[in-house]
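Coordinates in review
What follows is the residue order along each chain.
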Amino acid sequence: WSQTATKADGVLSVGGVPLPELVSEHGSPAYVLDEADFRSRARAFRDAFAAYDVYYAGKAFLCTTVVRWLAEEGLSLDVCSGGELAVAERAGFPMERVGFHGNNKTLAELERAVELGVGRVIVDSFHEIERLASVTSERGRTVGVMVRVTAGVEAHTHEYIATAHEDQKFGFSIASGDALDAVRRVHEAPGLRLLGLHSHIGSQIFDTSGFEVAARRVLALHATVSEEVGVEMPEMDLGGGFGIAYTTQDDPSDPAQLATEITKIVEHECRALGVAEPRLSIEPGRAIVGPSMCTVYEVGTVKEVALDGGARRTYVSVDGGMSDNIRTALYDADYSATIASRRSGSAPALARVVGKHCEAGDIVVKDEFLPGDVRPGDLVAVPGTGAYCRSMASNYNHALRPPVIGVRDGKTFTVLRRETEADLFATDVGVL
Ligand code: LLP
């Protein structure tokens, strides 16, 4: 839950706003974004990593309001598509504080990034290095470049969100020598200013040993570059991926502790290798916005199902589902849920919160104990939905994507409005 969430007499409030009131005003389902919580997590990273640059990873959740908060809190911004770059531009974010990622940026995206003057482009392939070099030379411009490398570590997380083992699409392999070749090519291209190496090992990671091994390997390459290519690269980025608690089983990452551990490894390795410490940066997304949001749904139907062995499970169907949170279906992610609208004296029963979409995998919360008298009209809130829920939301079954409602000091404000049928038909230009 976000830091301002409180429950009184069974009614959940966030940012001083009781969720039943929020739903009467803005409808259901809705994502609820706690401004104070978001800002305080952003500041916690900025302060813990005061000697670093903290790039918020926009892929977790991005909109102009959040971009403005990040600018005010002194963070930088990682974008990974032309669309995310457009949000940064529209919100007036300082372009020198933007890092542009992606394994297949289009020519048009690279041109736009160079023309806008982004602070750094993180290159991910030899084709891209060539393309970016010609974009800059045609325009007589220069751009800062980081080289994304693959450290060859196995991050302990879901296969689809681990990115530092060899057999996946991101980065230049350190082990094969591609990373060193890429650094040489960037160094030789007149319009490209070689800033440093970039490593991101994966997402929702709790075990810092993966970061440790990656940092060692990346620093070793950093030292090789200084020896063999003769350049001292001024920067290094260790990516994001810091895990958050989705259920009471998880122990969330603590920015201050992470900062201490990462700094210690880097200082130690640089001393051992005899190289100057590069300026470090990191890219947390989930750890900032994840806990700052919850989703509130209304229960529509309740059904009892008998399980093998005589147990029962209550299927609680809500008015959203995999179109607003695909993570359970896609990564087998765990979430929790609570009734947000009333107190219940009923004994808890094993429940599964499911959506309204046309497939059995449309599950929001796999297992949760909810009061046995859960019924239509109850509001159910799911915490920790700030990261990769709205940003991965879809219009599956022509669902209208829910709004993001900001809350602060007892007031609500619309951050993203609810979609309407007109939004659906805006792209349907068929014959009528
Ligand atoms: N930097 C780079 C280069 C990344 O690729 C990512 C995430 C991040 C930073 C931020 O990672 P975070 O701190 O948010 O874990 N859709 C998946 C997560 C995909 C992550 C992709 N890259 C999920 O819902 O778990």
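This is a predicted model, so every value here is computed, not measured. (Residues numbered from 1 in each chain as written. Predicted model: local features only at pLDDT ≥ 70, side-chain atom pairs only at ≥ 80, totals over all residues.)

**Focus: the environment of Gly410**
Structurally, the position occupied by Gly410 is in the loop between strand 20 (404-408) and strand 21 (411-416). Since 11 C-beta atoms lie within 10 Å of it, Gly410 is described here as exposed. Expressed as a C-alpha distance, the spacing of Gly410 and Val17, which sit 393 residues apart in the sequence, is 4.8 Å. When residues no more than four places from it in sequence are discounted, the contact partners of Gly410 are Gly16 and Val17. (Helix = DSSP H or I, 4+ residues; strand = E, 2+ residues; numbered from the N terminus. Buried ≥ 20, exposed ≤ 12 C-beta atoms within 10 Å, placed from the backbone. Contact = placed C-beta atoms within 7 Å.)

**Re the UniProt feature "active site" (unreviewed entry) in the protein chain**
The UniProt record annotates "active site" (unreviewed entry) at Cys358. Mapping Cys358 onto the fold places it in the loop between strand 17 (348-354) and strand 18 (363-371). (UniProt positions renumbered as here; feature names shortened; annotations may be inferred.)

**Considering the UniProt feature "binding site: substrate" (unreviewed entry) in the protein chain**
With numbering aligned to this structure, UniProt lists the feature "binding site: substrate" (unreviewed entry) at Arg286, Arg327, Tyr331, Glu359 and Tyr388. The greatest C-alpha distance among the residues just named is 27.4 Å, and with 103 residues of sequence between them they are spread in space as well. Structurally, the position occupied by Arg286 is in helix 10 (residues 286-289). The exposure class assigned to Arg327 is buried, which follows from the 21 C-beta atoms found within 10 Å.

**Remarks on the nonpolar core**
Core analysis: the biggest nonpolar cluster contains 120 residues, and Val32, Leu77, Val145, Val147, Val296, Val380 and Ala381 have the highest contact counts within it. Here this core spans two domains, and each of domain 1 (6-32 + 291-426) and domain 2 (35-290) adds at least three residues to it. Beyond its immediate sequence surroundings of up to four residues, Val147 is in contact with Val123, Phe172, Ala179, Ala182, Val183, Val186, Leu197 and His198. (Core = buried A, V, L, I, M, F, W, Y, C linked by C-beta atoms within 7 Å. Domains from an automatic or database assignment.)

**Quick word on the sheet that holds strand 2 (residues 11-14)**
On the basis of which strands lie adjacent, the open sheet formed by three strands has the order 1-2-3 and antiparallel pairing. Looking at strand neighbours, the two that pair on one side only are strand 1 (6-8) and strand 3 (17-18), the edges of this open sheet. Looking at chain direction, strand 1 and strand 2 are connected through three bridges and run antiparallel. Each bridged residue has a counterpart across the sheet, and for Lys7 the counterpart in strand 2 is Leu12. (Pairing = 2+ DSSP bridges.)

**Looking at the packing of helix 5 (residues 107-116) against helix 6 (residues 126-139)**
Between two packed helices, both the angle of their axes relative to each other and the distance between the axes serve to describe the pair. Contact pair helix 5 / helix 6: the axes reach a minimum separation of 10 Å and the direction vectors enclose 45°. On the basis of their axis angle, the class for helix 5 and helix 6 is oblique. The crossing of helix 5 and helix 6 is right-handed. Residues Leu107, Leu110, Glu111 and Val114 of helix 5 form the contact with helix 6, whose own contacting residues are Arg131, Leu132, Val135, Thr136 and Arg139. (Axes fitted to C-alpha atoms, helices over the stretch in contact; angles between N-to-C directions. Parallel < 35°, antiparallel > 145°, perpendicular 65-115°, else oblique. Left-handed = near helix turned anticlockwise from the far one by under 90°.)

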